[in-house]
Amino acid sequence: PPRRISGGAALPYRIRVPLAKLQERKNLPREETRAPALGDGEQLESMDSAPDYVRLALTSRVYDLVTASPLQYAPGLSHRLGACVHFKREDLLPSFSYKIRGAFNLLDSVRREGATSVVTYSVGGQGHSLAVAASALGMQATIVLPERTPRQRRSQIERAGANVVIHGSGLEDAKREAQRLAREDGGAVFCHLHDDVRVISGNATCGLEIVRQHSAALDPLMQQKRALGRTGRFSNGIAPHAMRGAAEAVARANGHLPPGTGQSLDAIFVCTGGGSLIAGVAAIVKQLMPGTKVIGVEPEENNLMQRSLLAGHRPKLSEPSHFVDGAAVQQLGSEVFRLCDSLVDDVVTVSTDEICAAVRDCFEDTRAMLEPAGAISVAGLKRWLATRPPPAGGGPRG
């Protein structure tokens, strides 16, 4: 009988999963040749019938409503951390959040299937995005909010044209009420705003944009490198170092190329929340830029993603804290968990104080005042970099 590795359940998921794959491969019959298998690199470990998220993101209808958000260089934070840091400005999208991507893609699909009204539950952010998407598509939306939802968020959703129902003390109560309303209204569709392939693939367009925008930042240098001839000078007679300096200066002036760029993209930090954003980003990035780490960030007091990935299953937690309630759920969905368990490299937890400091960091570099859920990924970046040694040669980290 094959040997088994003991103590697997206690290992971190990024060790447990590769060990399990290695054990499985060792137990397979030997073959002279074998085609590359999913999981040998950083591709998605799944069955043949699993969704192709790259294709789904490329063919989504997200851009019927939104335009690509900028990838903005953060000079102040980059200088302080000795790294090249960029912010993906999802706060500039309609509804001020990435959530509009998945919500619009979902509702567009539901509308094409014949539905005219939808029902969901939320503490505000997801509900607002669904309301904005429904308004754009000419659909009626009903959002069930728990009693603790701030009045400002209720007003936002109502202004977007949705019906607001206040019910229960927490998310679970609101969910049951939303499901009841959908059952009673035969024409309304209950929407899961995270664990749905259409939501994940809509949010995955954020990952596609990061890949494109990072590549675009390097284009000036790559074009100059290709133009370099055997003489050691470009075709216009200018020495390489001078031309490269000019190209970098132009790119930096346009906000595309920070000091030290030219390396690969080391890591992308993503707020975990309900998991649809990090699942979508990971599904794209791990296929197109497999050397780039995808790292989740969540509050210390509500580390659902970390607990789930370490446990190897989907535990259900109590009602999440209110401070970062825009990025909180009680249990991960099965598809979100499948993707994150296979593809996410690490999960960083941060304190309330670190999140507040990150809000200030973002304001100093962008003059935008983000809510805690919008700045938490910056807090995770700072925590993660603090545990890493500086790169050899003293250059900035990518």
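Residues numbered from 1 in each chain as written. Predicted model: local features only at pLDDT ≥ 70, side-chain atom pairs only at ≥ 80, totals over all residues. Heavy atoms only, no water.

**Student:** Can you walk me through the overall build of the chain in this structure?
**Tutor:** When you go through the chain residue by residue, the secondary structure sums to 14 helices and nine strands. Classification of the 398 residues of the chain by burial places 50% in the buried group. Excluding contacts between residues fewer than 6 apart, the proportion of contacts in the chain whose partners are at least 24 apart in sequence is 70%. Here the chain displays about 19,100 Å² of accessible surface, and carbon together with sulfur accounts for 52% of that area. (Helix = DSSP H or I, 4+ residues; strand = E, 2+ residues; numbered from the N terminus. Buried < 20%, exposed > 50% of the residue type's maximum accessible area, 1.4 Å probe, protein only. Contact = heavy atoms within 4.5 Å. Areas by Shrake-Rupley, 256 points an atom, 1.4 Å probe, with all protein chains shown as cover.)

**Student:** What's the story with the side chain of D345 in this structure? I'm lost.
**Tutor:** Tracing the chain through its elements places D345 in the loop between α12 (334-343) and β9 (346-350). When its relative accessible area of 11% is taken as the criterion, D345 is described as buried. A distance of 2.8 Å separates a polar side-chain atom of D345 from the backbone nitrogen of V294. (Polar contact = N/O pair within 3.5 Å; in protein donor to acceptor, adjacent residues only side chain to side chain.)

**Student:** Quick question: what am I supposed to make of unusual backbone geometry here?
**Tutor:** Most of the time, phi is negative for any residue but glycine, and the peptide bond is trans. Positive phi is not limited to glycine here, since S95 has a value of about 75°. Assessed through its relative accessible area of 11%, S95 is described here as buried. A positive phi angle is found at R367, which is not glycine, with a value near 60°. Here R367 is to be found in the loop between α13 (352-366) and α14 (372-386). Judged by its relative accessible area of 58%, R367 falls in the exposed class.

**Student:** Looking at this structure, I do not really get the pairing of strand β3 (residues 117-121). What am I missing?
**Tutor:** Both faces of the sheet carry side chains from a regular strand, because those side chains alternate between them. In terms of residue burial, β3 counts as a mostly covered element, since four of its five residues are buried. Pairing geometry for β3 and strand β4 (residues 140-145), over five bridges, is parallel. Residue pairing for β4: V118 is matched across the bridge by A141. Regarding the hand of the β-α-β motif, the stretch spanning β3, helix α5 (residues 125-137) and β4 is right-handed. (Pairing = 2+ DSSP bridges. Right-handed = clockwise from strand over helix to strand, strands pointing away.)

**Student:** What should I look at first to understand the packing of aromatic side chains in this one?
**Tutor:** Under the criterion given, the structure shown has two aromatic pairs. Geometrically, the ring pair formed by Y121 and F190 is stacked, given 6.3 Å between the ring centres and 5° between the ring planes. Taken together, the residues Y121 in strand β3 and F190 in strand β6 (residues 188-190) connect sequence positions 69 residues apart. F190 gets classed as buried once you look at its relative accessible area, which sits at 18%. A centroid spacing of 5.5 Å and a plane angle of 65° characterise the contact between F269 and W384, whose relative ring orientation is edge-to-face. Of this pair, F269 sits in strand β7 (residues 267-271) while W384 sits in helix α14, and the two are 115 residues apart along the sequence. (Phe/Tyr/Trp six-rings, centres within 6.5 Å; stacked < 30°, edge-to-face > 60°.)

**Student:** Sorry if this is basic, but what is going on with the sheet that holds strand β5 (residues 163-166) here?
**Tutor:** The strands making up a sheet are joined through hydrogen bonds of the backbone, oriented either antiparallel or parallel. Taking strand neighbours across the sheet as the criterion, the four strands line up as β5-β4-β3-β6 in an open arrangement whose pairing is parallel. Edge strands, defined here as strands with exactly one partner in the open sheet, are β5 and β6. The average undirected angle you get between the axes of adjacent strands in this sheet is 20°. Of the pairings in the sheet, the one linking β3 to β6 comprises three bridges and is parallel in character. In the strand pairing of β6, V118 is matched with V189. Packing of α5 onto the sheet brings it into contact with β3 and β4, and relative to β4 it is tilted by some 170°. (Axes fitted to C-alpha atoms, helices over the stretch in contact; angles between N-to-C directions.)

**Student:** What am I meant to see in helix α4 (residues 99-112) here?
**Tutor:** An α-helical turn contains 3.6 residues, so any two residues separated by three or four positions project in the same direction. If you check α4, its first and last C-alpha atoms are 20 Å apart, about what 14 residues at 1.5 Å a residue would give, namely 20 Å. Counting buried positions along α4 yields twelve of 14 residues, so the element is predominantly enclosed. Taken as a whole, α4 has its buried residues at K99, I100, R101, G102, A103, F104, N105, L106, L107, D108, S109 and V110. Downstream of α4 by a residue or two, G114 has a phi angle that is positive, lying close to 110°. (Expected span 1.5 Å × (residues − 1).)

**Student:** Please explain the packing of α4 against α5 as it appears in this structure.
**Tutor:** If you want to describe how two helices pack, look at the angle between their axes and the distance between the axes. Packing of α4 against α5 brings their axes to within 8 Å, and their N-to-C directions diverge by 45°. By the angle between their axes, α4 is oblique relative to α5. Note on packing geometry: the crossing formed by α4 with α5 is right-handed. Residues K99, I100, A103, F104, L107, D108 and R111 of α4 form the contact with α5, whose own contacting residues are G125, Q126, S129, L130, V132, A133, A134, A136 and L137. (Parallel < 35°, antiparallel > 145°, perpendicular 65-115°, else oblique. Left-handed = near helix turned anticlockwise from the far one by under 90°.)

**Student:** What's the story with the sheet that holds β7 in this structure? I'm lost.
**Tutor:** The three strands are arranged β7-β8-β9 in an open sheet whose pairing can be described as parallel. Single-partner strands in this sheet number two, and they are β7 and β9. Sheet twist, expressed as the average angle between the axes of neighbouring strands with direction ignored, equals 30°. Sitting on the sheet, helix α10 (residues 276-288) is in contact with β7 and β8 (293-299), with an inclination near 170° to β8.

**Student:** Is there a simple way to think about the pattern of salt bridges in this case?
**Tutor:** Any two side chains of opposite charge can pair, given that their charged atoms come close. Applying the stated criterion across every chain, the model contains 24 salt bridges. The closest approach of N and O atoms between D173 and R176, which form a salt bridge, is 2.6 Å. On the criterion of helical spacing, the pair formed by D173 and R176 is a turn pair, its members being three residues apart in helix α7 (residues 171-184). Residue classification places D173 among the partly exposed positions, given a relative accessible area of 23%. Among the residues examined, R176 registers a relative accessible area of 46% and is labelled partly exposed. (Salt bridge = Lys/Arg side-chain N within 4 Å of Asp/Glu carboxyl O.)

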